Amino acid sequence: MAQKAFWVETLGCPKNAVDSDKLTGTLVADGLVPAAAPNEADLIVVNTCAFIEEARQESIDTILALSDNRRDGARLVATGCMAERYGAELAEALPEIDRVAGFGVPVVLGPRRGAAAPAMDLLNLPRPRSGVPWAYVKVAEGCDRACGFCAIPSFRGKQRSRDEASILEEVEALDVREIVLVAQDLASYGRDVGRAGAIVPLVRAVGERVDRVRLLYLYPSDLTDGLIEVICESGVPYFDLSLQHVSRPLIRRMRRWGDGARFLARIDDIRRREPAATFRSNFIVGYPGETEADHDELLRFVEDAQLDWCGFFAYSQEDGTYAAGLDGEVDRGLVKERLGELTELQDRITAQRRIALIGSEVDVLVDGAGVGRSHREAPEIDGIVTIPESLAVGSFATVTVTGAMGPDLEAA
Ligand code: SF4
């Protein structure tokens with residue numbers, strides 16, 4: 001009998017990509033083989049994202065499109081954040097779905113066996129080898145914070161950190177040149193098991209095993225001197241700071257730590273210590289109660305901070321969050337205007353910072369033919385460096401930047 005084939009479609013963030021990799025690992029371990037295309041699969045899994053309304057719509061559209069084109073008899077399973085949060089609604093609204101599987105529920109090809117599937121932890125499942133010279137590694141699941149806008153803790157649960165040995169084992173098995181560590185609240189790695197600050201030795205240990213280690217999503221209050229030091233020493237002085245806003249009263253309404261002045265001081269400190277440090281951040285625009293003055297403060301901050309990369313997102317009200325009960329809704333048109341202003345400003349800053357690199361030498365990891373990344377570019381999120389196609393994929397090369405086009409660089 002021919003082996004059954006599967007297709008996994010991933011939506012959303014890098015953390016979801018890690019879950020999909022692990023899911024692929026279990027399906028392969030179950031004897032299935034990857035299909036060449038979705039319409040050749042016997043099992044189609046859509047790993048959904050529920051982050052904001054737009055992401056939920058994209059998940060639904062994807063499910064419908066894949067369902068329309070599936071081969072006769074193929075089963076369609078929805079998993080991931082949306083399946084976890086809106087499982088019952090999803091199953092009811094989309095009869096195309098054969099099965100909705102929340103986190104840790106095994107995705108199987110056969111009919112559903114009993115109502116209560118055994119829970120398992122996606123964190124410790126095997127993963128296939130990565131096809132590119134870098135890989136995400138998730139070090140913890142869940143989050144102990146209570147940010148006003150965020151529903152993640154309510155459905156991903158409290159933080160559960162993996163033990164260092166299993167992370168290092170996974171890093172070694174992946175056998176890649178760059179590891180990108182991810183978690184909902186990365187800098188808090190280990191706190192749930194009484195090992196606050198464990199991220200520092202972890203970064204050091206991963207750095208001993210691969211050429212590059214990069215960290216995504218750092219809550220600003222946890223950016224300790226020790227962590228800054230180990231990030232700078234790692235050779236990838238890349239700081240992805242989850243700031244969300246800079247106006248102190250608004251940040252408090254978000255139930256988060258910090259303010260613009262503190263953030264700027266920290267960024268300056270890091271730049272003094274490591275002039276090549278690169279910064280990325282995300283901001284929410286239109287959180288309930290955001291005033292014109294708050295917005296102006298954010299614009300000033302963006303201008304002053306000169307971050308390399310920035311994402312701006314319209315506030316999206318999430319069921320069951322603290323913010324859902326707040327007054328001060330911001331008009332949608334106004335949110336759009338504010339987003340436009342911020343994006344325009346940041347695009348200009350990003351482009352200028354890229355132009356400033358022309359003439360300098362950068363060390364790139366060759367991700368694919370003609371495509372590389374220096375420490376300044378995180379995979380799949382930031383720009384890229386266009387390099388000569390002759391450079392071997394998976395190798396490192398020192399190249400000279402000859403041009404810049406928006407977020408991307410050209411180098412020879
Ligand atoms: S925004 Fe991040 S840190 Fe805040 S509750 Fe959500 S996952 Fe946790």
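This section reports on the structure supplied with the text.

Conventions used here
Residues numbered from 1 in each chain as written. Predicted model: local features only at pLDDT ≥ 70, side-chain atom pairs only at ≥ 80, totals over all residues. Heavy atoms only, no water. Helix = DSSP H or I, 4+ residues; strand = E, 2+ residues; numbered from the N terminus. Rg over C-alpha atoms; globule rule 2.2 N^0.38 Å. Buried < 20%, exposed > 50% of the residue type's maximum accessible area, 1.4 Å probe, protein only. Contact = heavy atoms within 4.5 Å. Areas by Shrake-Rupley, 256 points an atom, 1.4 Å probe, with all protein chains shown as cover. Lys, Arg positive; Asp, Glu negative; His and termini not counted. Charge placed at Lys NZ, Arg CZ, Asp CG, Glu CD. Expected span 1.5 Å × (residues − 1). Arc of directions from axis to C-beta. Salt bridge = Lys/Arg side-chain N within 4 Å of Asp/Glu carboxyl O. Pairing = 2+ DSSP bridges. Phe/Tyr/Trp six-rings, centres within 6.5 Å; stacked < 30°, edge-to-face > 60°. Lys NZ or Arg CZ within 6 Å of the ring centre and 35° of its normal. Near = heavy atom within 4 Å. Nonpolar A, V, L, I, M, F, W, Y, C, P; charged D, E, K, R; others polar. Axes fitted to C-alpha atoms, helices over the stretch in contact; angles between N-to-C directions. Parallel < 35°, antiparallel > 145°, perpendicular 65-115°, else oblique.

1. Let's talk about the overall build of the chain
No. 1: Looking only at helices and strands, one finds twelve helices and 18 strands in the chain.
No. 2: A compact globule built from 412 residues should have a C-alpha radius of gyration of about 22 Å, and the chain, at 22 Å, falls within 12% of that.
No. 3: Overall, the chain is about 65 × 55 × 45 Å in size when its C-alpha atoms are taken along their principal axes.
No. 4: By the burial criterion, 54% of the 412 residues in the chain qualify as buried.
No. 5: Intrachain contacts of the chain at a sequence separation of at least 6 include 72% that bridge at least 24 residues.
No. 6: Here the chain has roughly 17800 Å² of accessible surface; of this, 52% comes from carbon and sulfur atoms.
No. 7: Distance between charge centroids for the chain: 4 Å, based on 46 positive and 66 negative side chains.

2. Details of helix 11 (residues 292-305)
Given 3.6 residues per helical turn, the α-helix brings residues three or four places apart onto the same face.
No. 1: Between the first and last C-alpha of helix 11 there are 20 Å, a value that for 14 residues agrees with the 20 Å anticipated at 1.5 Å per step.
No. 2: Taken residue by residue, helix 11 has D294, H295, L298, L299, F301, V302 and A305 as its buried positions. End-on view of helix 11: buried residues confined to an arc of 160 degrees, all on one side of the axis. Looking at helix 11, the residues exposed on the side facing more than 90 degrees away from the buried face are A293, R300 and D304.
No. 3: On its buried face, helix 11 is in contact with strand 11 (238-244), helix 9 (248-253), helix 10 (260-273), strand 12 (278-285), strand 13 (309-314) and helix 12 (332-355).

3. Some points on the pattern of salt bridges
No. 1: Counted under the stated rule, the structure contains 29 salt bridges.
No. 2: When the shortest N-O distance is used, the salt bridge between E303 and R348 registers 3.3 Å. Of this pair, E303 sits in helix 11 while R348 sits in helix 12, placing them 45 residues apart in sequence.
No. 3: Take E303: its relative accessible area is 34%, and that puts it in the partly exposed class.
No. 4: Three or more residues are tied together by salt bridges with common partners; here these are E178, R212, R214, D367 and R373.

4. Comments concerning the sheet that holds strand 3 (residues 43-48)
No. 1: Reading across from one edge, 2-1-3-4-5 is the order of the five strands in this open sheet, with parallel pairing throughout. This sheet does not close on itself; its edge strands, each paired only once, are strand 2 (33-34) and strand 5 (99-100).
No. 2: Relative to strand 3, strand 1 (residues 5-10) runs parallel, the two sharing five bridges. Residue E9 lies in a different strand from strand 3, and its bridge partner there is V46.

5. Describing the packing of aromatic side chains
No. 1: Enumeration according to the criterion identifies eight aromatic pairs in this entry.
No. 2: Plain terms: the ring middles of F263 and F301 are 6.5 Å apart, the flat faces sit at 85 degrees to each other, and that makes the pair edge-to-face. Remark: F301 occurs in helix 11 and F263 occurs in helix 10; sequence separation between them is 38 residues. With respect to burial, F263 and F301 carry one shared label: buried.
No. 3: Pairing F283 with F301 gives two aromatic rings, centres 6.1 Å apart and planes at 70 degrees, and the pair type is edge-to-face. Of this pair, F283 sits in strand 12 while F301 is found in helix 11, placing the two residues 18 residues apart along the sequence. For the residue pair F283 and F301, the accessibility class agrees, reading buried in each case.
No. 4: Directly above the ring of Y238 sits R214, whose terminal nitrogen or CZ lies 4.7 Å from the centroid.
No. 5: Between the NZ or CZ atom of R255 and the centre of the ring of Y322, over which it lies, the distance is 4.1 Å.

6. Let's talk about the site of the ligand
No. 1: Close contacts around the ligand come from C143, R145, C147, F149, C150, I152, P153, Q184 and R256, and that covers them all.
No. 2: Taken together, the residues of the shell around the ligand sort by class into six nonpolar, one polar and two charged.

7. Observations concerning the packing of helix 10 against helix 11
No. 1: The N-to-C vectors of helix 10 and helix 11 enclose an angle of 5 degrees; their axes lie 11 Å apart at closest approach. Here helix 10 is positioned roughly parallel relative to helix 11, judged by the angle of their axes. Across the interface between the two elements, G260, F263, L264, I267 and R271 from helix 10 touch F301, D304 and A305 from helix 11.
No. 2: Taken together, the residues of the contact of helix 10 with helix 11 sort by class into five nonpolar, one polar and two charged.

8. Notes on the side chain of S374
No. 1: Within the secondary structure, S374 is located in the loop between strand 15 (371-373) and strand 16 (385-386).
No. 2: Of the residues examined, S374 reaches a relative accessible area of 2% and is grouped as buried.
No. 3: Apart from residues lying up to four places away in sequence, S374 is in contact with R212, R214, V362, D363, V364 and V385.

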